[in-house]
Amino acid sequence: MKNTVTLVGFVGNTPEVRNTQSGASITTVSLATTRSFKDGEGNRQSETEWHRITCFNGVGKCVAEHVTKGAMIMVTGRIHYTKWTDQNGTDRYGCEIVAEQVDFLVKAKEASNDEPKKRRSK
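Residues numbered from 1 in each chain as written. Predicted model: local features only at pLDDT ≥ 70, side-chain atom pairs only at ≥ 80, totals over all residues. Heavy atoms only, no water.

> Lay out the overall build of the protein with the relevant residues and their values.
Helices and strands together make up the secondary structure of the protein, namely one helix and seven strands. Going from the N terminus to the C terminus, the protein shows its helices and strands as β-β-β-β-α-β-β-β. Burial statistics for the protein: of 122 residues in total, 34% are counted as buried. Of all intrachain contacts in the protein linking residues separated by at least 6 positions in sequence, the fraction that spans at least 24 positions is 51%. When the accessible surface of the protein is split by element, carbon and sulfur atoms take 47% of a total near 8400 Å². (Helix = DSSP H or I, 4+ residues; strand = E, 2+ residues; numbered from the N terminus. Buried < 20%, exposed > 50% of the residue type's maximum accessible area, 1.4 Å probe, protein only. Contact = heavy atoms within 4.5 Å. Areas by Shrake-Rupley, 256 points an atom, 1.4 Å probe, with all protein chains shown as cover.)

> Give a description of the pattern of salt bridges that names residues and reports values.
Evaluation of the coordinates by the stated rule reveals four salt bridges. The closest approach of N and O atoms between Arg-52 and Glu-96, which form a salt bridge, is 3.5 Å. On the criterion of sequence distance, the pair formed by Arg-52 in strand β4 (residues 44-56) and Glu-96 in strand β6 (residues 91-106) is long-range, its members being 44 residues apart. Among the salt bridges present, the one from Arg-92 reaches Asp-86, with a minimum N-O distance of 3.0 Å. By relative accessible area, which is 19% here, Asp-86 ends up buried. (Salt bridge = Lys/Arg side-chain N within 4 Å of Asp/Glu carboxyl O.)

Any functional reading would require information that these geometric values do not contain.
Laid out in structure tokens, this is it:
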């Protein structure tokens, strides 16, 4: 069995870092991916989806230090679903990508350049 996902997109916020009681570091960031397609009438359309990316320890530290809003990154990881009960007793569900590797493709200031610059978090 395999649970692997690769996403390439633009970072939508400054990475947020928090630490657990046990001392583990967790970094989260949002990532926008956009697909283009033609609708039934032949008109060009685009659809943007936002993904929650969660990075732990070393990968998260690297992301927090080097990634800024607007940067293009490639994330390789796994899909993780969560379920919790809110304060009203209603079941809630969430989905996130747990990053195992993050490649830094383009910094925000370089996003208009043709050739992506690639660096790896691992």
